[in-house]
Amino acid sequence: MFPDLAPLMWHSFGTMFVLLQEIMSFYPALSPPMLSASVSNRACNVLALLQSVASHPETRIPFLKAEFTEYLYPFLNTTSNARSFEYLRLTALGVFGALVKVDDTEVVNTLLDGHIIPLCLRIMETGSELSKTVATFIVQKIILDEAGLQYICATPERFFGIAIVLARMVAEQPSTRLLKHIVRCYLRLTDDPRAHIALQTHLPEALRDGTFDNGLRDDAVARHYRQQLLDNLAVPAGGAPPAVPGSAAAGVTQPVPAPAAGGAPHPGPGSVAGASPEGSSQEGLSHAHPGPAPSAGAAPHPGPGPVVGGSPGGSSPSSAHPGPAPTEVGAPHPAPGPVAGGRPGGSSQAGPRRRRR
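Residues numbered from 1 in each chain as written. Predicted model: local features only at pLDDT ≥ 70, side-chain atom pairs only at ≥ 80, totals over all residues. Heavy atoms only, no water.

How should I be thinking about the overall build of the chain in this particular structure?
Scanning the chain from N- to C-terminus turns up 15 helices and zero strands. Counting all 357 residues of the chain, 34% fall into the buried class. Put simply, of all contacts in the chain between residues at least 6 apart along the chain, 67% involve residues at least 24 apart. Within the structure as shown, the chain displays about 21,900 Å² of accessible surface, and the carbon and sulfur contribution to it stands at 58%. (Helix = DSSP H or I, 4+ residues; strand = E, 2+ residues; numbered from the N terminus. Buried < 20%, exposed > 50% of the residue type's maximum accessible area, 1.4 Å probe, protein only. Contact = heavy atoms within 4.5 Å. Areas by Shrake-Rupley, 256 points an atom, 1.4 Å probe, with all protein chains shown as cover.)

I'm lost on the packing of aromatic side chains in this one. Help?
The way to describe two aromatic rings as a pair is by their centre distance and the angle between their planes. Enumeration according to the criterion identifies five aromatic pairs in this entry. Ring centres 5.2 Å apart and planes at 20° place the aromatic pair Phe63 and Phe68 in the stacked group. Under the relative-accessibility criterion, Phe68 is labelled buried at 9%. Their ring planes at 25° and their centres at 5.4 Å tell us that Tyr73 and Phe96 sit as a pair that is stacked. Pair noted here: Tyr73 is in helix H5 (residues 73-76) and Phe96 is in helix H6 (residues 83-100), with a separation of 23 residues, a long-range link. Side by side, Tyr73 and Phe96 carry an identical accessibility label, which is buried. Through a chain of ring-to-ring contacts, three or more aromatic side chains come together here, namely Trp10, Phe63 and Phe68. One Lys or Arg, Arg158, reaches over the ring of Tyr151 and ends 3.9 Å from the middle of that ring. Positioned above the aromatic ring of Tyr225 is the side chain of Arg184, whose terminal nitrogen or guanidinium carbon lies 5.2 Å from the ring centre. (Phe/Tyr/Trp six-rings, centres within 6.5 Å; stacked < 30°, edge-to-face > 60°. Lys NZ or Arg CZ within 6 Å of the ring centre and 35° of its normal.)

For this particular structure, what's the right way to read the environment of Gln140?
The residue Gln140 is located in helix H9 (residues 129-144) in this model. Residues Gln140 and Tyr186, 46 residues apart in the sequence, show an inter-C-alpha distance of 9.1 Å. If sequence neighbours within four positions are ignored, Gln140 has contacts with His181, Arg184 and Cys185.

Which parts of the structure should I look at to understand helix H11 (residues 156-171)?
Side chains that are three or four residues apart share a direction in an α-helix, a result of its 3.6 residues per turn. The end-to-end C-alpha distance of H11, which contains 16 residues, comes to 22 Å, matching closely the 22 Å that a straight helix rising 1.5 Å per residue would cover. Taken together, the buried positions of H11 are Phe159, Ile162, Ala163, Val165, Leu166, Met169 and Val170. The buried residues of H11 occupy an angular sector of 160° when the element is viewed end-on, so they sit on one face. Exposed and facing more than 90 degrees away from the buried side of H11 are Pro156, Glu157 and Ala171. Against the buried residues of H11 lie helix H8 (116-126), H9, helix H10 (146-152), helix H12 (176-189) and helix H13 (193-202). (Expected span 1.5 Å × (residues − 1). Arc of directions from axis to C-beta.)

Is there a simple way to explain unusual backbone geometry in this structure?
Among all residues except glycine, the phi angle is most often negative; among peptide bonds, the trans geometry is most common. Residues Ser31 and Pro32 are joined by a peptide bond in cis, for which omega reads 0°. Although it is not a glycine, Glu67 adopts a positive phi angle of roughly 60°. One can find Glu67 in the loop between helix H4 (60-65) and H5. Classification of Glu67 by relative accessible area gives partly exposed; the value is 49%. With a phi angle near 55°, Gln173 is a residue other than glycine that sits in the positive phi range. You can see Gln173 is positioned in the loop between H11 and H12. Overall, Gln173 belongs to the partly exposed group, its relative accessible area being 49%.

I tried to follow the nonpolar core on my own but got confused; where do I start?
One broad trend across soluble globular proteins is that nonpolar side chains are buried collectively. In this structure, Ile116 and Leu189 are the most contacted members of the largest nonpolar core, which totals 78 residues. Of the residues forming this core, the biggest block, nine residues, is contributed by H6. Dropping the residues within four chain positions of it, Leu189 is found in contact with Leu149, Ile152, Cys153, Phe159, Ile162, Leu166, Ala195, His196 and Leu199. (Core = buried A, V, L, I, M, F, W, Y, C linked by side-chain atoms within 4.5 Å.)

What is the right way to look at the UniProt feature "signal peptide" (unreviewed entry) in the chain in this model?
The UniProt record annotates "signal peptide" (unreviewed entry) at residues 1-25. Taken end to end, residues 1-25 comprises 72% helix and 0% strand; its first and last C-alpha atoms sit 27 Å apart. (UniProt positions renumbered as here; feature names shortened; annotations may be inferred.)

Whenever I open this one, H13 confuses me. Can you help?
All of the buried residues along H13 are Ala195, His196, Ala198 and Leu199. Looking at the buried residues of H13, the elements they touch are H11, H12 and helix H14 (220-234).

Which parts of the structure should I look at to understand the packing of H6 against H9?
When two helices pack together, you describe them by how their axes are tilted relative to each other and by the distance separating the axes. The interhelical angle for the contact between H6 and H9, taken along N-to-C directions, is 25°, at an axis separation of 9 Å. Comparing their axes, H9 and H6 come out roughly parallel. Seen along the crossing, H6 lies across H9 with a hand that is left-handed. Contacts between H6 and H9 pair Glu86, Leu90, Leu93, Phe96, Gly97 and Val100 from the former with Leu130, Ser131, Val134, Ala135, Phe137, Ile138, Lys141 and Ile142 from the latter. Its residues placed into classes, the contact of H6 with H9 shows 10 nonpolar, two polar and two charged. (Axes fitted to C-alpha atoms, helices over the stretch in contact; angles between N-to-C directions. Parallel < 35°, antiparallel > 145°, perpendicular 65-115°, else oblique. Left-handed = near helix turned anticlockwise from the far one by under 90°. Nonpolar A, V, L, I, M, F, W, Y, C, P; charged D, E, K, R; others polar.)

What am I meant to see in the pattern of salt bridges here?
Where side chains of opposite charge bring their charged atoms close, a pairing between them can arise. Scanning the model with the defined rule gives 10 salt bridges in all. Close ionic contact of Glu22 with Arg42 constitutes a salt bridge, the shortest N to O distance being 2.7 Å. Residue Glu22 is found in helix H2 (residues 15-25), and its partner Arg42 is found in helix H3 (residues 37-55); the two are separated by 20 residues along the sequence. A salt bridge links Asp219 to Lys180, with the shortest nitrogen-to-oxygen separation between them at 3.7 Å. Of the two residues, Asp219 is situated in the loop between H13 and H14 and Lys180 in helix H12; the sequence distance between them amounts to 39 residues. When salt bridges with common partners are traced through the structure, they connect Glu146, Arg188 and Asp191 into a single cluster. (Salt bridge = Lys/Arg side-chain N within 4 Å of Asp/Glu carboxyl O.)

In structure tokens:
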């Protein structure tokens, strides 16, 4: 009844530590199960104070970051059907319900790092009607968040773990309030393409054949959820699992065919197996052109290309003249050099020989 109780408890010195001591003092009575009604009532009073801290906007995130929830999982992990244990589990679920009641991805991510999903699933199977309702509400709020939906649908084990529990609850003819949370969970799961496909064959028949028509008559929201669920499953999933991509889609280039005999031009560019890091193979380079490309405006070369290792003064591949080019425009052709085997003193120049004295 006092709205500022949570901040006062959180900021007052030693109060939260005393509450934590109280929580841990109940652990010995959990296993073996020896929780009396008075001890259970005392524990529930402490949990009620923690629930007020978890629900207040000023203390919710500090309460979560302090990891107080880790001290509450042992209460949810009990399996005794005694009334004292049932009250303890229900009150502990109330703390988690207060955390998820406000949509907050940080809260969902923190709870997913703990054990809340498997513990809630077990309570949804074995707990009382009220405990099942609160546990289903917690799971519903978690998967309504995108991070929670991705977590549940990340593996088949997680998805079928929750789908099997929901189907068993439907088979037990739940109350209208519980059924509304169950249908809402199913409806949210259809937003995932793979879960959509799975639910087309794994949705309980009781949700299709009108078994719950009388029970949902007075709950327009639950009827709307069920009808929307059936409408979603009546159409194919828009994001069905993609087919195995082909070689082009996977980024694999088609192999380049070998060049034809006789030095035919390369059929086109492309990476060849064993190609160099630059992306071209030796074969691709040697067959890219049948010969040197002619220069602009010049006739094709009539003779063979330059010889590897030829002298620098050899003919240019783009030259149209088969012989050596003149040094200057209009200059006479240089005279031939000395004949091989001629004496060094010999003269190769034309003209009269000088008379020897």
